[in-house]
Amino acid sequence: MAIGWRAVGRSARRGGRARAAGDRLMWAAGACCSRQAGEGAAVARTPVKTFQAYLPPAHRTYSCIHCRAHLASHDELISKSFQGSQGRAYLFNSVVNVGCGPAEERVLLTGLHAVADIYCECCKTMLGWKYEYAFESSQKYKEGKFIIELAHMVKENGWD
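Residues numbered from 1 in each chain as written. Predicted model: local features only at pLDDT ≥ 70, side-chain atom pairs only at ≥ 80, totals over all residues. Heavy atoms only, no water.

1. Focus: the sheet that holds strand E2 (residues 70–73)
- Read from one edge to the other, the open sheet built from three strands follows the order E2-E1-E9, with strand pairing classed as antiparallel. In this open sheet, the two edge strands, each paired with only one partner strand, are E2 and strand E9 (153–156). Neighbour-to-neighbour, the strand axes of this sheet turn through a mean angle of 30°, independent of strand direction.
- Pairing of strand E1 (residues 61–64) with E2 involves three bridges; the strand directions are antiparallel. Considered in E2, the bridge of Thr-61 is made with Ser-73. (Pairing = 2+ DSSP bridges. Helix = DSSP H or I, 4+ residues; strand = E, 2+ residues; numbered from the N terminus. Axes fitted to C-alpha atoms, helices over the stretch in contact; angles between N-to-C directions.)

See below:
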């Protein structure tokens with residue numbers, strides 16, 4: 001996976017031709033948390049992000065309400081029936097242009113979870129959280145997924 005990060009960064013720095021949108025998406029989604037699961041504390045990957053990820057213009061997207069950075073594609077939406085600290089929230093399979101804080105255990109409406117706060121990489125606004133671990137078997141489907149509160153995002157591109 002590190003090769004993919006370097007290849008995208010090298011291409012952007014050299015002014016090379018942009019890669020396919022799917023490649024950029026995969027890199028940006030993987031860049032959310034600098035430490036990957038299973039790595040030792042002494043070894044942490046911190047990708048150097050040289051550009052903002054953009055989702056394909058033909059797709060319906062969700063963007064940061066404060067700086068308009070792309071956050072997620074409508075195709076990555078799993079559920080609209082979640083509750084955040086500031087109202088309704090959406091559950092996404094993957095996101096772009098977000099950073100992760102440290103994971104911590106929290107008791108949420110559906111039980112105990114290990115979650116990490118996520119924030120917009122561009123304007124540093126807190127957006128929601130990432131489910132790192134679910135302690136109840138019925139909640140395991142949330143692991144590795146992202147919650148973004150509606151108060152922090154806006155719909156863009158083709159929402160007629």
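2. Digging into the environment of Lys-140
- On the secondary structure map, Lys-140 appears in the loop between strand E7 (126–134) and strand E8 (146–149).
- Look at Lys-140 and you get partly exposed, because its relative accessible area is 33%.
- With 27 residues separating them in the primary sequence, Lys-140 and His-113 have C-alpha atoms 9.6 Å apart.
- Every residue in contact with Lys-140, bar those within four places of it in the chain, is listed here: Tyr-133 and Ala-134. (Buried < 20%, exposed > 50% of the residue type's maximum accessible area, 1.4 Å probe, protein only. Contact = heavy atoms within 4.5 Å.)

3. Some points on the packing of aromatic side chains
- Under the defined criterion, the tally for this structure stands at five aromatic pairs.
- Between Tyr-62 and Tyr-90, the ring centres sit 5.8 Å apart and the planes meet at 85°, which makes this aromatic pair edge-to-face. A residue pair is termed long-range when its members are at least 10 positions apart, and Tyr-62 in strand E1 and Tyr-90 in strand E4 (residues 87–92) qualify at 28 residues. The pair formed by Tyr-62 and Tyr-90 is uniform in burial state, with each residue classed as buried.
- A ring pair is formed by Tyr-133 and Phe-135, whose centres lie 4.8 Å apart and whose planes are at 80°; its orientation type is edge-to-face. (Phe/Tyr/Trp six-rings, centres within 6.5 Å; stacked < 30°, edge-to-face > 60°.)

4. Side note on the pattern of salt bridges
- This structure, assessed with the given rule, holds five salt bridges.
- With its nearest N and O atoms 3.4 Å apart, the salt bridge here joins Arg-68 to Glu-156. Here Arg-68, found in the loop between E1 and E2, pairs with Glu-156, found in strand E9; they are 88 residues apart in sequence, far enough to count as distant.
- Classification of Arg-68 as partly exposed rests on a relative accessible area of 43%.
- Between Arg-106 and Asp-117 there is a salt bridge, and its shortest N-O distance comes to 2.7 Å. On the criterion of sequence distance, the pair formed by Arg-106 in strand E5 (residues 98–108) and Asp-117 in strand E6 (residues 111–120) is long-range, its members being 11 residues apart. (Salt bridge = Lys/Arg side-chain N within 4 Å of Asp/Glu carboxyl O.)

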